[in-house]
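Residues per chain, in single letters:
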Amino acid sequence: MAAADARVHAAAMSMAETDASRAASTSCDSGLNSHVKTAIKEGSAELTAAETPSSETGMGNLQSEQMAAAAGRGQRVGWRTVSVAVASVLVLAVAVFAASPMLARSIRPKFRVGVDGTRIFTAEELKQFNGLNGKPMYVAIIGDVFDVSSGTKFYKAGRSYAHFVGRDATRAFSTGESSPEGLTDAIDGLTDEQLGGIAEWHGFYQKHETYKHVGRLAGRYYDLRGRGRLAFPWERLAQRQKAEEQRRQEFPGCNSKWTQKDGSVVWCTPRSGGVTRAWAGVPRLMTPRDGSETRCVCVLPSRANSPELTPYEGCPLDAERCKIEPNV
């Protein structure tokens with residue numbers, strides 16, 4: 001019986017400890033993981049004690065019932081703790097969801113961007129970037145906007161390119177106009193040669209070491225999403241440039257010089273016109289069929305009779321050097 005009394009006393013102590021642990025767990029707010037671990041530990045300990053065999057059947061049954069009741073209380077405490085933690089997480093999630101529109105507004109860009117993330121300017125916005133009041137200087141050509149602030153000596157007020165700042169004056173890059181009417185992005189009526197000049201300027205800005213592309217201008221060439229509208233004839237100009245390069249190889253340019261004493265002189269060498277070759281050629285005045293400007297070219301004597309080639313007056317047909325008479 002002494003042994004049985006000792007076991008009853010131990011069971012009572014275990015129940016007391018369980019009640020104390022439950023009270024501590026209920027008041028503790030240290031987090032979901034801590035509560036769950038405590039509840040599982042308490043329930044497991046009591047279940048183990050309940051399964052311990054007893055020497056007396058009556059006392060063993062009493063202890064088993066007591067242990068089972070204690071385990072049930074431990075499990076209820078554990079699940080109640082889990083429920084409280086889950087509810088807390090849900091409340092936090094609702095709060096974050098409600099605040100998300102405000103967070104999105106706070107990090108939204110202060111300017112318009114296109115479908116590819118490039119900044120989109122309106123004409124009014126572009127006017128503000130004129131180099132005044134601490135603003136940078138922006139120039140647009142074919143709808144692409146470039147920061148030319150590093151070229152102050154060319155673009156600031158009073159300088160030769162100041163009229164290009166704060167606008168898209170694509171046409172003027174070819175015509176050289178500086179009047180309000182000429183400072184436009186319209187390219188209708190321009191020849192391929194003039195359009196080629198605009199394309200060269202565009203390439204100049206793109207490849208420049210310090211002029212940076214900063215966006216696009218909504219208007220003639222791009223919409224407010226940065227998608228192309230009016231297509232610049234890049235492909236046609238590329239084909240034309242390829243054909244011109246081929247003709248330049250066939251008809252390289254002449255060397256030329258002017259002095260007050262001798263006037264203008266043109267001549268051919270195996271490297272004239274920037275084309276290295278095995279022959280020098282003879283000077284001829286070429287009038288292209290497409291109506292572009294005439295120029296001096298070097299040709300083989302066997303090809304010098306082409307309809308678009310004219311000999312220089314007073315110069316022998318096989319001479320590699322010719323003096324240009326004033327009336328030519």
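Here, residues in each chain are numbered from 1, in the same order as that chain's written sequence. For this predicted model, a pLDDT threshold of at least 70 governs which residues receive local features, and a threshold of 80 or more governs which side-chain atom pairs are given and counted, while totals over whole chains, interfaces and linings are taken from all residues. Note that water and hydrogens are dropped before the side-chain values are worked out from all heavy atoms of the structure.

Trainee: How should the overall build of the protein be read in this particular structure?
Mentor: Scanning the protein for helices and strands turns up eight helices and 10 strands. When contacts within the protein are restricted to residue pairs at least 6 apart in sequence, those whose partners lie at least 24 apart make up 54%. Per element, the accessible surface of the protein, about 20,600 Å² overall, is 55% carbon and sulfur. By the criteria applied, helices consist of DSSP H or I runs no shorter than four residues and strands consist of E runs no shorter than two, each listed in order from the N terminus. Any two residues whose heavy atoms approach within 4.5 Å are treated as being in contact. Only the protein chains shown count as cover for residues, and all accessible areas are computed by the Shrake-Rupley method using a 1.4 Å probe.

Trainee: What's the story with the layout of surface pockets in this structure? I'm lost.
Mentor: Which parts of space are left empty comes out when a probe the size of a water molecule is rolled across the atoms. Size it by volume and the second largest pocket reaches roughly 280 Å³. Only protein atoms enter the 1 Å grid used here, on which a cavity is any set of points holding a 1.4 Å probe that cannot leave and a pocket is any open set flanked by protein within 12 Å on both sides along at least five of seven lines; residues with an atom within 4 Å of a point are listed as lining. Along its surface, the second largest pocket is lined by D192, E193, G196, G197, A199, E200, W234, L237, A238, R240, Q241 and E244. Elements represented by at least two residues in the lining of the second largest pocket include exactly α7 (192-207) and α8 (234-250). Grid points are joined across faces, edges and corners, and a volume is the space filled by probe spheres set on the points.

Trainee: Looking at this structure, I do not really get the pattern of salt bridges. What am I missing?
Mentor: Close approach of charged atoms allows side chains of opposite charge to pair. Whenever a carboxyl oxygen of Asp or Glu lies within 4 Å of a side-chain nitrogen of Lys or Arg, that contact is scored as a salt bridge. Tallying each qualifying case throughout the model produces 10 salt bridges. One salt bridge connects K127 with E124, and the closest N-O pair in it is separated by 3.3 Å. Placement of the pair is K127 and E124 together in helix α4 (residues 123-127), with a separation of three residues, close to one helical turn. The exposed category is assigned to E124, whose relative accessible area is 53%. Of the charged contacts in the structure, one is a salt bridge between E245 and R248, with a shortest N-O distance of 3.2 Å. Of this pair, E245 and R248 both sit in helix α8, separated by three residues, roughly a single helical turn. Note on R248: relative accessible area 30%, which makes it partly exposed. A simple rule labels every residue: compare its accessible area, found with a 1.4 Å probe on the protein chains alone, to the largest value its type can have, and call it buried under 20%, exposed over 50%, or partly exposed in between.

Trainee: Where do I start with the nonpolar core in this structure?
Mentor: Buried together is how nonpolar side chains tend to be arranged in soluble globular proteins. Counting residues in each nonpolar core, the largest one holds 24 residues, and the members touching the most others are V139, Y155, I198, Y205 and F232. Secondary-structure elements contributing two or more residues to this core are β2 (138-141), α6 (172-175) and α7. Ranked by residue count, the leading element in this core is α7, at four residues. Each nonpolar core is a collection of buried residues, namely Ala, Val, Leu, Ile, Met, Phe, Trp, Tyr and Cys, held together in the definition by side-chain atoms within 4.5 Å. If you look at the next biggest cluster of nonpolar residues, it comprises nine residues, including C298, Y312, C315 and A319.

Trainee: For this particular structure, what's the right way to read the state of the cysteines?
Mentor: Formally, a disulfide is one covalent bond, and it connects the sulfur atom of one cysteine to the sulfur atom of another. Pairs of cysteine sulfur atoms within 2.5 Å are identified as disulfides in what follows. Within the structure shown, the criterion is met by three disulfides. Each sulfur of the disulfide joining C254 and C296 lies 2.1 Å from the other. On the sign convention where negative is left-handed, the bridge of C254 and C296, at about -80° about the S-S bond, is left-handed. You can see C254 sitting in the loop between α8 and β5 (255-259) and its partner C296 sitting in strand β8 (residues 295-299), a full 42 residues away along the chain. For the residue pair C254 and C296, the accessibility class agrees, reading buried in each case.

Trainee: Quick question: what am I supposed to make of the pairing of strand β7 (residues 282-286) here?
Mentor: Walk down a regular strand and you will see the side chains alternate between the two sheet faces. In terms of burial, β7 is largely enclosed, as four of its five residues are buried. Strand pairing requires that DSSP identify at least two bridges connecting the strands. Pairing of β7 with β8, which is carried by five bridges, proceeds in the antiparallel orientation. The residue bridging R284 from the neighbouring strand is V297, located in β8. Note: β7 against strand β9 (residues 309-310), two bridges, orientation antiparallel.

Trainee: In this structure, what is going on with the confidence of the model for the protein? I would like to understand it.
Mentor: Interpretation of this model should avoid reading the predicted coordinates in detail wherever pLDDT is low. pLDDT measures the predictor's confidence residue by residue and takes values from 0 up to 100. Taken over all residues, the pLDDT of the protein has a mean of 78, while the share at 70 or more is 65%. Across residues 1-33 the pLDDT falls below 50, and counting only partners more than four positions away or on other chains, this stretch makes 28 contacts in the model. Low pLDDT, under 50, characterises residues 42-58; the predicted model gives this stretch 20 contacts beyond four residues in sequence or across chains.

Trainee: Which parts of the structure should I look at to understand the environment of E209?
Mentor: As for its position among the elements, E209 is in the loop between α7 and β4 (212-217). With relative accessibility at 72%, the residue E209 sits in the exposed group. Sequence spacing of E209 and S150 is 59 residues, and the spatial spacing of their C-alpha atoms is 10.0 Å.

Trainee: Looking at this structure, how should I read the side chain of D223?
Mentor: With respect to the secondary-structure elements, D223 resides in the loop between β4 and α8. Judged by its relative accessible area of 18%, D223 is buried. Pairs of N or O atoms are called polar contacts if they sit within 3.5 Å, as long as, within protein, a hydrogen donor faces a hydrogen acceptor (for residues adjacent in sequence, only side-chain-to-side-chain pairs). Within the local environment of D223, its side chain forms a polar contact with the backbone nitrogen of R225, the two atoms lying 2.9 Å apart.

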